[in-house]
Amino acid sequence: MTDGLALRLLDDVLAAAPQGAGRQSAIRLSVVGLSKNAGKTVTLNHLVRAAEQRGIPLGLVSTGRDGEEQDAITELPKPRIWAPAGAWLVTAREALTAGSAKVAVFKQLPMMTPFGPMLIGRVETAGEVLLIGPGSAQRMSEALGGLEAYGARLCLVDGSFDRIAAAAPTVTGRVVLAAGAAYSYSMTETVAQVRHLLDLFDLPVALPAAGRTVETAARKAPVSIAAADGAVTALPVATGLGDPAPIVAAALSALADDPGASLVLQGALGDRLLLSLLKARAVIPLVVNDPTRILVERNLWRRWRRQGGQAYVLQPVRLLALTTNAYSPVGKGYDPHEFFAAIAAVADRPVYDLMAGLPHTST
């Protein structure tokens, strides 16, 4: 059994992610932490137990290594991942004996790791499990497809700390964010970072006409200029993370000729390019594939937005809910009620403190 708050969180998530038909009825959801010790695993375990109580067939996989007793970097104790009987999971062979759960192996995947091949298993006896992920987003997607093929209808992805890439559209496209006091000694700083991520996840999708143009641009080259009339100009650069000078020059030229032009990035948007665009006052609309491709420092992003910078995505990633954790193993932490209220005030979606028993459902 689990508490009613976790059931409410699960119901909120399921309501925001309606099911389709057949294999597509499965829901993929990433659980990501704002930092280490933010409450990610606690959130995951509550969702697992709530899904078990609702009778939803579960699939579990990690983007990294999750479920061990002690953090490999900080050496702090960690909550273990609990899996109910009947749940399906993907992990490396060496991880099968690291937990108390009994797992029957059903399939070996064509993926090797330092911990042995990746396997699909079914939990025969409930208990703790160690999840070791397959690696790349493509491998993650294949692993999730394997879980769904065996009947999982809610696949939970345990995202490595501070890696919103775990929520990329090719993986899940949906995320629950765990925000904790371990991110910063300053609650104001932690709330500001949450607000920043909300801004990224809530970026608008490119309008259909513009979307067709920028999709063409994204397929054509790593960096392109998409004109308002649909014309696409590929820039002679291999990546948007290299020398920004030719990109900035092209952006300035495009804006002079066509105020409706956009800069389309196939890969990531980094600090170096955005800072160069700012210094040159080349405030051209940016289009990236999805929010996880924006790897920009918060204050720099805020400067871009204040100068009128606009950004669009081709594929959205939906941040469905947040959880708060006022405890920090590396500092004094926050007042639970104050921190919860501060996050709820900026979130505009469901927020839960699963330990303090605090719910907020947006209207």
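Scroll up for the structure.
The structure reproduced in this document is the subject of the present report. Owing to the predicted nature of the structure, the values given are computational and were not obtained by experimental measurement. (Residues numbered from 1 in each chain as written. Predicted model: local features only at pLDDT ≥ 70, side-chain atom pairs only at ≥ 80, totals over all residues. Heavy atoms only, no water.)

**Details of the overall build of the chain**
Tallying secondary structure elements over the chain gives nine helices and 21 strands in all. Looking at the chain residue by residue over its 363 residues, the buried ones come to 54%. Taking the intrachain contacts of the chain between residues at least 6 apart in sequence as the baseline, contacts between residues at least 24 apart amount to 72%. (Helix = DSSP H or I, 4+ residues; strand = E, 2+ residues; numbered from the N terminus. Buried < 20%, exposed > 50% of the residue type's maximum accessible area, 1.4 Å probe, protein only. Contact = heavy atoms within 4.5 Å.)

**A look at the sheet that holds strand β12 (residues 223–226)**
An order of β13-β12-β14-β16-β18 is seen for the five strands of this open sheet, with the pairing classed as mixed. Both outer strands of the open sheet, β13 (232–234) and β18 (311–313), are each paired with one neighbouring strand and no more. The mean angle between the axes of side-by-side strands here comes to 25°, regardless of whether they run parallel or antiparallel. Both strand β14 (residues 262–265) and strand β16 (residues 286–288) contribute to a ladder of two bridges, which runs parallel. Each residue of the ladder has a partner; that of Val264, found in β16, is Val287. (Pairing = 2+ DSSP bridges. Axes fitted to C-alpha atoms, helices over the stretch in contact; angles between N-to-C directions.)

**Here's the deal with the packing of helix α4 (residues 187–201) against helix α9 (residues 336–347)**
For any two helices packed against each other, the geometry comes down to the angle between their axes and how far apart the axes lie. Two elements in contact, α4 and α9, have axes whose closest approach is 10 Å; the angle formed by their N-to-C orientations is 25°. Overall, the two elements α4 and α9 adopt an arrangement that is roughly parallel. Viewed along their axes, α4 and α9 form a crossing whose handedness is right-handed. Contacts from Met187, Thr190, Val191, Val194, Arg195 and Leu198 of α4 reach α9 at Glu338, Phe339, Ala342, Ile343, Val346 and Ala347. Partitioned by chemical class, the residues of the contact of α4 with α9 number nine nonpolar, one polar and two charged. (Parallel < 35°, antiparallel > 145°, perpendicular 65-115°, else oblique. Left-handed = near helix turned anticlockwise from the far one by under 90°. Nonpolar A, V, L, I, M, F, W, Y, C, P; charged D, E, K, R; others polar.)

**What to know about the packing of helix α1 (residues 4–16) against helix α2 (residues 40–54)**
Across the interface, α1 lies against α2 with an axial gap of 8 Å and an inter-helix angle of 85°. When the axes of α1 and α2 are compared, the pair comes out roughly perpendicular. Note on element contacts: α2 touches α1 through Thr43, His46, Leu47, Ala50, Ala51, Gln53 and Arg54, opposite Ala6, Leu7, Leu9, Leu10 and Asp11. Looking at side-chain class alone, the contact of α1 with α2 contains seven nonpolar, three polar and two charged residues.

**Considering the environment of Leu200**
Its place among the elements puts Leu200 in helix α4. For the pair Leu200 and Trp301, spaced 101 residues apart in sequence, the C-alpha to C-alpha distance is 9.6 Å. Among residues more than four places away in sequence, those in contact with Leu200 are Pro291, Ile294 and Trp301.

**A few points about α9**
Over its 12 residues, α9 runs 16 Å from end to end, which matches the ideal 16 Å to within 8%, given 1.5 Å per residue. Buried within α9 are the following residues: Phe339, Phe340, Ala342, Ile343, Ala344, Val346 and Ala347. Turning to α9, the residues buried within the fold contact β11 (174–180), α4, β19 (318–325), β20 (351–353) and β21 (358–360). The N-cap residue of α9 is Asp335: its side-chain oxygen and the backbone nitrogen of His337 are 3.1 Å apart. (Expected span 1.5 Å × (residues − 1). Polar contact = N/O pair within 3.5 Å; in protein donor to acceptor, adjacent residues only side chain to side chain.)

**Regarding the pairing of β14**
Side chains of β14 alternate between two faces, with Ser262 and Val264 and Leu263 and Leu265 buried alike. Examined bridge by bridge, β12 and β14 share four bridges and lie antiparallel to one another. If you follow Ala226 over to β14, its bridge partner there is Ser262.

**Details of the pattern of salt bridges**
In this structure the tally under the stated criterion is nine salt bridges. Across the salt bridge formed by Arg305 and Asp199, the nearest N and O atoms sit 3.0 Å from each other. In this pair, Arg305 sits in helix α8 (residues 298–306) while Asp199 sits in helix α4, placing the two residues 106 residues apart along the sequence. A relative accessible area of 24% places Asp199 in the partly exposed class. (Salt bridge = Lys/Arg side-chain N within 4 Å of Asp/Glu carboxyl O.)

**A closer look at the side chain of His196**
Looking at where His196 falls in the secondary structure, it is placed in helix α4. Exposure remark for His196: the relative accessible area of 7% places this residue in the buried category. The residues contacting His196, other than those within four sequence positions of it, are Val296, Arg298 and Trp301.

**Some thoughts on α2**
A turn of α-helix holds 3.6 residues, and therefore any two residues three or four places apart point the same way. The end-to-end C-alpha distance of α2, which contains 15 residues, comes to 21 Å, matching closely the 21 Å that a straight helix rising 1.5 Å per residue would cover. Looking at α2, one finds that the buried residues are Lys40, Thr41, Thr43, Leu44, Asn45, His46, Leu47, Val48, Ala50 and Ala51. Gly55 sits one or two residues past α2 and shows a positive phi near 75°.

**Topic: unusual backbone geometry**
Its identity is not glycine, yet Asn37 carries a phi of approximately 65°, on the positive side. Mapped onto the elements of the fold, Asn37 is located in the loop between β1 (27–33) and α2. The exposure class assigned to Asn37 is partly exposed, which follows from its relative accessible area of 28%. Of note, Asp348 is a non-glycine position whose phi angle comes to about 55°, a positive value. Along the chain, Asp348 turns up in the loop between α9 and β20.

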